[in-house]
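Spelled out from the first residue to the last, the chains are:
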Amino acid sequence: MDFKDHKHVVIIYPHPDDESFGASGTTVRFREAGVPVTYLCGTLGEMGRNMGSPFFATRESLPEIRKQELLDACAVLDMNVEMLGYRDKTIEFESRKLVAERLKDYIEDLGATLVITFYPPFAVHPDHNAMGAAAFEAVKMIDSDIRPELWATAITNDRQETLGEPDVIIDTEEVFEKKLEAIKAHRSQAEGMLSKMRESSDFVGEYDSALQRLQYESFYRIDVDRVHY
Amino acid sequence: MKTIEPGIVQEYIDRYADKFVYIHLETTNGAYAKHFDKNAHNVGAYIRNAQIKYERGKIVTTDEAYRVGLKTSGWIYAEGLTDYEITEEGQLLLAGHDPEGRLMVALEISEKPFDM
Ligand SMILES: [Zn+2]
């Protein structure tokens, strides 16, 4: 695949930091090829649990902090960002149709030739699955002859057994410094996530390989007419 | 936030008694509990901007943390509270955190609706 072949890439995830963990290396590769990338970020991660030790946030101050982190990360990645204003952990209770219609408008207005989102129901967090399902729906609403390509991120522990090998694997080694810089821009999240990986029983002794896995960004190519979600 | 000072918290609880106030109440073990430990079970409950009125409320000391109960026409309570903050608008924020600073429970009282 040649990164230059695309006109505009739209990334649709629900949380500030999803883009940095999941698709920041890919974003940098597209940007280096001169392709604009826009992040449609569903929420501000208002329900995040890491308040720091010592504390840097409260439940009430967290949204502003995470908004700034999102802007910082997007500046590192040189990508546009649109904040959609949904509320963390509630997207699955919204009308999927209404969310999808909004996403479709963005996709069409931006002239996206590639949409990247989560792969429902293989994305663990209910917001990931709900945002992914709405994005699938949005792409499906577009006439098949002008539909953008659709890539989806699966993160369940057994994704390989369930879905097989991913169709697109982007090695981000050359731009990994930038990826780490973007992840670290999410100061409220990065250390918590990395330490959680460190102490999880499913990851014991695997921390280094987990970090290595961050180097590869994997996506499944989705045919919205055939996929079940 | 800082470690709960029960005297100050009780003062604010009393200040908001017999008025219509807005409540934020949540508890969670995180959306990734099961992802990181297959024996775990994700649990959580959340209510934001419920308008209530309580006739009295009390903070009770336990060994490691505090419980707060508000007597309405029913009851509202939270357990495992460790830290508090009074915001500039006078909102009373109470939360329980684990040693890594992750929020496990929160109870907040405000005269005006919480930001959405
Ligand atoms: Zn997320």
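As shown above, the structure is provided for reference.
Help me understand the pattern of salt bridges, please; the structure alone is not making it clear to me.
Note on pairing: side chains with opposite charge can pair once their charged atoms come close. All told, the structure shown has 16 salt bridges over all chains when counted by the stated rule. Taking the shortest distance from any N to any O, the salt bridge between K179 of chain A and E217 of chain A comes out at 2.6 Å. Note that K179 of chain A is positioned in helix 6 (residues 176–185) and E217 of chain A in strand 7 (residues 216–221), a separation of 38 residues in sequence. This pair shows no difference in class: K179 of chain A is buried, exactly as E217 of chain A is. Here E111 of chain B ties to K19 of chain B by a salt bridge, and the two come within 3.7 Å at their closest N and O atoms. Here E111 of chain B, found in the segment after strand 9 (103–110), pairs with K19 of chain B, found in the loop between helix 1 (6–15) and strand 2 (21–28); they are 92 residues apart in sequence, far enough to count as distant. The class for E111 of chain B is partly exposed, based on a relative accessible area of 45%.

Explanation requested: unusual backbone geometry in the structure shown.
All names here are of chain A. A cis amide bond links S53 with the next residue in sequence, P54, at an omega value of 5°. Structurally, P54 is set in the loop between strand 2 (37–41) and helix 2 (62–77). Note the cis peptide between P120 and P121, where omega equals 0°. Its location among the elements puts P121 in the loop between strand 4 (114–118) and helix 4 (126–141). Positive phi, normally seen in glycine, also occurs at V124, with a value near 70°. Checked against the element boundaries, V124 lands in the loop between strand 4 and helix 4. A relative accessible area of 21% places V124 in the partly exposed class.

Would you mind showing me how to read the side chain of S20 of chain A here?
Residue and element names in this part refer to chain A. Tracing the sequence through the fold places S20 in helix 1 (residues 18–32). Judged by relative accessible area, S20 falls into the buried class, the value being 1%. For S20, the side chain forms a polar contact with the side chain of E19, separated by 2.8 Å. The residues contacting S20, other than those within four sequence positions of it, are A73, L77, K179, A182, I183 and H186.

Quick question: what am I supposed to make of the coordination of the zinc ion here?
Expected angles at a metal are 109.5 degrees for tetrahedral coordination by four donors and either 90 or 180 degrees for octahedral coordination by six donors. Residue and element names in this part refer to chain A. Around the zinc ion, the protein contributes the donor atoms H15 (ND1), D18 (OD), D18 (OD) and H128 (NE2), at 2.0 to 2.8 Å from the metal centre. Of note is the zinc ion, whose four donor atoms meet at the metal with angles of 51 to 124° in an arrangement that counts as irregular. Read in sequence order, the donor residues for the zinc ion give the motif H-x2-D-x109-H. For H15, a relative accessible area of 5% corresponds to the buried category.

I tried to follow a negative patch on the surface on my own but got confused; where do I start?
Together, E32, D171, E173 and E174 of chain A give the surface a local cluster of negative charge. Relative accessible area serves as the criterion here: at 32%, D171 of chain A is assigned to the partly exposed category.

Procedures and definitions
- Residues numbered from 1 in each chain as written.
- Chains lettered and ligands numbered in written order.
- Predicted model: local features only at pLDDT ≥ 70, side-chain atom pairs only at ≥ 80, totals over all residues.
- Heavy atoms only, no water.
- Salt bridge = Lys/Arg side-chain N within 4 Å of Asp/Glu carboxyl O.
- Helix = DSSP H or I, 4+ residues; strand = E, 2+ residues; numbered from the N terminus.
- Buried < 20%, exposed > 50% of the residue type's maximum accessible area, 1.4 Å probe, protein only.
- Polar contact = N/O pair within 3.5 Å; in protein donor to acceptor, adjacent residues only side chain to side chain.
- Contact = heavy atoms within 4.5 Å.
- Donors = N, O, S within 2.8 Å, 3.2 Å for Na, K, Ca; no water.
- Tetrahedral: all angles 85-135°; square planar, octahedral: opposite > 155°, others 65-115°.
- Patch = residues over 30% accessible without salt bridge, like charges linked within 9 Å, V, L, I, M, F, W, Y side chains within 5 Å.
- Areas by Shrake-Rupley, 256 points an atom, 1.4 Å probe, with all protein chains shown as cover.
- Lys, Arg positive; Asp, Glu negative; His and termini not counted.
- Charge placed at Lys NZ, Arg CZ, Asp CG, Glu CD.

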